[in-house]
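Spelled out from the first residue to the last, the chains are:
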Amino acid sequence: MSQARFTSCIPLPLEHKSLVGVIEKAKDWALMHGVGMRDRKNFTKDAIQIAPFVLLPSPFPRTEFNKAVELQQVLNELMHKVAHDDDFLEHTLQNALQVDEFTANLYEIWVKVRNEGIAQPVSLGMLRSDIMLESRCPHTENQCAKHTPYCSWKQVEINSIASGFGHLGPVSREIQSYILRQLGYADLIKNMPENKALSGLCSGIIEAYDLFGVTGSVALFVVEEVSYNICDQRFHEFEISETRPDIIIYRKTLNEIFEETSLNDKKQLMLDDKVVAVVYYRSGYEPAQYPTQKEWDARLRVERSTAIKCPSIHYQLAGTKKVQQALAAPGALERFLGAGAISGRVRDIFTGLYSLDFDDSGEKAVEMALADAERFVLKPQREGGGNNLYGADVREALLKMRHSRERAAYILMERILPPLVSGYVVRPGGPVPPPLTDLVSELGIFGVIIGSKNKIYSNRQVGHMLRTKLADADEGGVAAGLGALDSPYLLDL
Ligand code: ADP
Ligand code: MG
């Protein structure tokens, strides 16, 4: 079966002169509105370069978009409940903890903090559920090809730490609106859904700050040693500074937190003689961000403190791939969402997810993947892109670790096959004009949830982002240079 295809929102290809002209304008628009990143090759804090972006918005069925938006609050609540279910986390992660040192270190901090007594029962979740349309369909091929080039969307993963693109999501809509206006298609902009992700996410930080309620306290962003995706962090700071000039934001690496913070006798996290109210992690999700024991000690100190964390360490654990897989097992969703229709709605968004534990079902999963590796993605307990295995690599890895305990640290997931669309990707240093290529998209829906184990104070859906990559690329991280910024163009099919 050939891969399904959407028609682009305007007729393509564009005429050469018009294409070159609009790209030149769009690049300047990008630089002047923060559609940018720092250059990895020639790093300097004095300049940003354009972030890769797709020239025109990518089609996405309106009904599927609305379904994703509507489900977000349920997913927020699900994550919140999972994060607070100690038994479920322990049971789900136990095998992976034996072989995955990084997850085990996180888990150890969680256990330590719990045993000491939790100083701050409230957590701030700023989540992003990533989804792709699935073009393979259980209906007959003709039906689908004729009526819709998609079937429904499936969840790729849910992120509970450093969920990026709160700024780059909304600004992608703005740059593509500008491009459509320049090309004479201003009337199409009405099909691009409003996106207030930046203010929505920042409202979570502000609300947590107010809940903390200590006058003169500060917010702390935990950042990487070098932030390439700087626009997507600074705009959060600018937004908060404008809305709430009283909230001062610090940016610190884990190493700086180790050196510069302390806990006082009330377990308040102190920085520059100020109490830290909210800690927002934009780093701390991968092993390389903890190069020494100091970074782990810093993480433990923050977790021990009264600061409201985004995420708390149990939220980070709830966002692991292993938990996602365990939630797809029979009965798991019902444990958190009850036996009614809501569990069914969430189950519908899962594609095949399989454990590789050493038991019957793990063995079956290995057999299944070896028989048809192209159908699957093999995922370790990692975030941040570039860690998964695809196609022939799935087979090779499984053959290698079939009899080793290491395999329990992975999950097996059915590969989603999204519909294609033709488009132009504008890249820094790339050819002008770029070639017309086949692209596929991944939509992320943002959610904010604030609460403790027994009380949810706020729960809302706050916006979206769309990332698009070449159809034949396995992964599409924008910061990693593979994907490109995009925004949805809603279709009424
Ligand atoms: P990470 O935590 O590293 O972001 P993801 O699970 O999001 O891990 O996978 C990274 C990327 O790999 C996704 O953004 C998507 O492009 C691709 N991918 C992951 N899972 C699937 C899948 N089941 N089907 C198709 N593509 C996938
Ligand atoms: Mg991801």
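Predicted model only: the values in this text are computed from it and were never measured.

Rules of the game
- Residues numbered from 1 in each chain as written.
- Chains lettered and ligands numbered in written order.
- Predicted model: local features only at pLDDT ≥ 70, side-chain atom pairs only at ≥ 80, totals over all residues.
- Heavy atoms only, no water.
- Patch = residues over 30% accessible without salt bridge, like charges linked within 9 Å, V, L, I, M, F, W, Y side chains within 5 Å.
- Areas by Shrake-Rupley, 256 points an atom, 1.4 Å probe, with all protein chains shown as cover.
- Salt bridge = Lys/Arg side-chain N within 4 Å of Asp/Glu carboxyl O.
- Helix = DSSP H or I, 4+ residues; strand = E, 2+ residues; numbered from the N terminus.
- Buried < 20%, exposed > 50% of the residue type's maximum accessible area, 1.4 Å probe, protein only.
- Domains from an automatic or database assignment.
- Contact = heavy atoms within 4.5 Å.
- Buried area = accessible area lost by both parts, 1.4 Å probe.
- Polar contact = N/O pair within 3.5 Å; in protein donor to acceptor, adjacent residues only side chain to side chain.
- Pairing = 2+ DSSP bridges.
- Axes fitted to C-alpha atoms, helices over the stretch in contact; angles between N-to-C directions.
- Parallel < 35°, antiparallel > 145°, perpendicular 65-115°, else oblique.
- Left-handed = near helix turned anticlockwise from the far one by under 90°.
- Nonpolar A, V, L, I, M, F, W, Y, C, P; charged D, E, K, R; others polar.
- Phe/Tyr/Trp six-rings, centres within 6.5 Å; stacked < 30°, edge-to-face > 60°.
- Lys NZ or Arg CZ within 6 Å of the ring centre and 35° of its normal.
- Expected span 1.5 Å × (residues − 1).
- Arc of directions from axis to C-beta.
- Disulfide = S-S within 2.5 Å.
- Core = buried A, V, L, I, M, F, W, Y, C linked by side-chain atoms within 4.5 Å.
- Near = heavy atom within 4 Å.
- Right-handed = clockwise from strand over helix to strand, strands pointing away.

1. A word on a nonpolar patch on the surface
Nonpolar side chains collect at one region of the surface, where L31, M32 and I48 lie side by side and expose about 280 Å² of accessible area between them. Among the secondary structure elements, M32 is positioned in helix α1 (residues 16-32). For M32, a relative accessible area of 63% corresponds to the exposed category.

2. Observations concerning the domain arrangement of the protein
By domain assignment, the protein separates into domain 1 (16-351 + 416-491) and domain 2 (352-415). On the side of domain 2, 24 residues touch domain 1, which itself brings 30 residues to the contact. Counting the surface domain 1 buries against domain 2, the share from its top three residues, K321, T351 and E475, is 27%. Counting the contacts that link domain 1 with domain 2 gives 4 salt bridges. For the pair domain 1 and domain 2, the number of links is 12 residue pairs in polar contact (both at pLDDT 80 or more). Contributing elements (two or more residues each) for the side of domain 1 that touches domain 2: α3 (86-99), α4 (101-116), β6 (152-159) and α12 (321-327).

3. Considerations on the sheet that holds strand β16 (residues 410-414)
Strand order in this open sheet of 4 strands is β13-β16-β14-β15, and the pairing throughout is antiparallel. Two strands close off the open sheet at either side, each with one partner strand: β13 (353-355) and β15 (389-390). In the sheet, strand β14 (residues 376-380) pairs with β15 via 2 bridges, with the strands oriented antiparallel. Each bridged residue has a counterpart across the sheet, and for L378 the counterpart in β15 is L389.

4. What about the packing of α1 against helix α6 (residues 168-182)?
Contact geometry for α1 and α6: axes closest at 10 Å, N-to-C directions at 150°. Relative to α6, the element α1 lies roughly antiparallel. Where α1 crosses over α6, the handedness of that crossing is right-handed. Facing V22, K25, A26, W29 and A30 of α1, the residues of α6 in contact are V171, E174, I175, Y178, I179 and Q182. A per-class count over the contact of α1 with α6 returns 8 nonpolar, 1 polar and 2 charged.

5. A short note on the packing of aromatic side chains
Counted according to the given criterion, the structure contains 9 aromatic pairs. Seen from their ring centres, F43 and Y228 are 5.8 Å apart, and the 85° between their planes marks the pair as edge-to-face. Here F43, found in the loop between β1 (36-37) and β2 (49-50), pairs with Y228, found in the loop between β7 (218-222) and α8 (231-243); they are 185 residues apart in sequence, far enough to count as distant. Each residue in the set F102, Y290 and W296 is aromatic and connected to the rest through ring pairs, giving one cluster. Sitting over the face of the ring of Y228, R40 holds its NZ or CZ atom 4.2 Å from the ring centroid. Here the guanidinium or amino end of R407 rests over the ring plane of F358, the centre of that ring lying 4.0 Å away.

6. Some remarks on α4
Between its first and last C-alpha atoms α4 spans 22 Å; for 16 residues at 1.5 Å apiece the expected length is 22 Å, and the two agree. What α4 keeps buried is the set F102, T103, L106, Y107, I109, W110 and V113. Here the buried residues of α4 occupy an arc of 155° about the axis, which is enough to place them on one side. Projecting away from the buried face of α4 at angles above 90 degrees are the exposed residues E101 and N115.

7. Some words on the state of the cysteines
Here is the idea: a disulfide is a covalent bond, and it sits between the sulfur atoms of two cysteines. If you walk through the whole model with that rule in mind, you get 0 disulfides. No disulfide involves C231; its sulfur sits 14 Å from that of C202, the nearest cysteine.

8. Quick word on the nonpolar core
Within the largest apolar cluster, 135 residues are counted, with the highest numbers of intra-cluster contacts made by F53, L55, L124, I179 and V346. Looking at this core, you find at least three residues from each of domain 1 (16-351 + 416-491) and domain 2 (352-415). One finds A365, V366, L398 and L412 within the second-largest nonpolar core, a separate group that totals 15 residues.

9. Here we look at the site of ligand 1
What surrounds ligand 1 is a group of 21 residues, the closest being K321, K379, G385, Y390 and E442. Within the side chain of K379, one N or O atom sits 2.6 Å away from an oxygen atom of ligand 1. In the complex, 96% of the free accessible area of ligand 1, which totals 530 Å², lies under the protein chains. Among the elements of the structure, β6, β14 and β16 are those that each provide at least two residues to the shell around ligand 1. Tallied by class, residues from the shell around ligand 1 come to 6 nonpolar, 4 polar and 11 charged. Viewed by domain, the shell around ligand 1 spans two of them, domain 1 (16-351 + 416-491) and domain 2 (352-415), each represented by three or more residues.

10. Describing the pairing of β7
Most of β7 is tucked away, with 5 of its 5 residues classed as buried. Burial along β7 is two-sided: V218, L220 and V222 facing one way and A219 and F221 facing the other are all buried. Bridge count between β7 and strand β11 (residues 274-281): 5 bridges; the pairing is parallel. Bridge assignment links F221 to a residue of β11, and that residue is Y280. Of the strand pairs in this sheet, β7 and strand β8 (residues 249-252) are connected by 4 bridges, and their pairing is parallel. Residue pairing across strands places A219 opposite I249, the latter belonging to β8. One crossover worth recording links β7 to the parallel β8 by way of α8, and it is right-handed.

11. A look at the side chain of N76
Inspection of the secondary structure puts N76 in helix α2 (residues 62-83). Setting aside residues no more than four positions away along its own chain, N76 makes contact with L127, G447, V448, I449, N459 and R460.

12. Thoughts on the pairing of β11
Buried residues dominate β11, accounting for 7 of its 8 residues. Pairing geometry for strand β10 (residues 269-271) and β11, over 2 bridges, is antiparallel. What sits directly across from M270, in β11, is V275. Hairpin geometry of β10 and β11 is characterised by an intervening segment of 2 residues between the two adjacent antiparallel strands and by a positive phi of about 55° at D272. Pairing analysis gives 3 bridges linking β11 to strand β12 (residues 308-310), with the strands arranged parallel. Residue pairing across strands places V278 opposite I308, the latter belonging to β12. Crossover connection from β11 via helix α10 (residues 293-304) to parallel β12: handedness right-handed.

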